[in-house]
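Commentary on secondary and tertiary structure
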Amino acid sequence: MKIGLVLEGGAHRTVFSCGVMDAFLDSGIHADYVIGSSAGITYAISYISRQNGRNREMLRRFVRSPKYAGFRHLINPRNRAYYNLRFLFDTIPNELLPFDYAAFNAFEGEALAAVTNIRTGKAGYLPVTGDDTKWKVLQATCALPLLFQPIEINGEKYADGGVADSIPFEKAIADGCDRIIVVLTRERSYRKEQESMMRFAAGRQKRKHPEYAEAMLHRHEEYNETIDKLSEEEKSGGIYVIAPEDTLGVGRTDKRVDKLMALYAQGYACTMQQMPALRKYLENQDIIE
């Protein structure tokens, strides 16, 4: 049996998913296929390497640091992103809060990041490997319009996976997963409206990358359609969904450590409460140790 874990992005709101994944680790639940967009798959690498609490510690220690994020990094010609890319994807994992590359590389399953190809405006799915110690694929899936520049990999430029495929559960189905757990970072009732930021970003891309611009303009419609499909899958028992009851007002770039830790705790607690139902869904699969 092939067990898939699908993770929505949401930048700092994804701390909820960190709580969920730490609860999985404490309960001996290990997926053998992990896919996500943006911060979803970025935080998931610590789940794959089985470094319980690493994401929580990273946010607790660094999120308020001026080295972590801020508009000064966006206007820095050597960075050109709201987040300090070298600090996040090099200094932290390779110096300050060491990432266990050996454990990650020992993972026998698949890890995929959803990205948006800015030439076609379509979703792509790139493998996440420990060979890339600068984590270019993770930088690409996190490259939110206006807050990042597109990231070039093998001659193609990519941006935030959430533009083309925010919750890539259909990819998990297509790739043959028999059991799928989806972790959302918004309440089940949430429906997206068109964001002014996306309209502005689309306007800037319309002439050079028209397909990408169209994807940004229709992102909210695609997201809502995905949520509706996911809801039907959940009702039929085909997919198990974990979602926050209340995101506590946490925003995409929120730096309030108390709120972030509270949302993490909610993710951990609600997963532990649902563990009997989750185990019943997974019943007798090899990922339960």
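Note that this is a predicted model, so its numbers are computed, not measured. (Residues numbered from 1 in each chain as written. Predicted model: local features only at pLDDT ≥ 70, side-chain atom pairs only at ≥ 80, totals over all residues. Heavy atoms only, no water.)

1. Looking at the side chain of threonine 42
Along the chain, threonine 42 turns up in helix 2 (residues 39-48). Every residue in contact with threonine 42, bar those within four places of it in the chain, is listed here: Phe89, Leu138, Thr141 and Cys142. (Helix = DSSP H or I, 4+ residues; strand = E, 2+ residues; numbered from the N terminus. Contact = heavy atoms within 4.5 Å.)

2. Structural notes on helix 10 (residues 196-205)
Buried within helix 10 we find Met198, Ala201 and Ala202. Considered in projection along helix 10, the buried side chains sweep an arc of 100° and stay on one side of the axis. In this structure, helix 10 carries Ser196, Phe200, Gly203 and Arg204 as exposed residues pointing more than 90 degrees from its buried face. (Buried < 20%, exposed > 50% of the residue type's maximum accessible area, 1.4 Å probe, protein only. Arc of directions from axis to C-beta.)

3. Section: empty space enclosed by the protein
For the coordinates displayed, the defined rule picks out three cavities of 30 Å³ or more. Of the volumes computed, that of the largest cavity is approximately 560 Å³. Lining the largest cavity we find 38 residues, and of these Ala11, Ser38, Ala39, Thr42 and Cys142 sit closest to its centre. Those elements giving two or more residues to the lining of the largest cavity turn out to be helix 2, helix 3 (54-62), helix 5 (85-96) and helix 12 (219-235). Counting residues per element, the lining of the largest cavity draws most heavily on helix 2, which supplies five residues. (1 Å grid on protein atoms, 1.4 Å probe; cavity = no way out; pocket = protein on both sides within 12 Å on 5 of 7 lines; lining within 4 Å. Points joined across faces, edges and corners; volume = space filled by probe spheres on them.)

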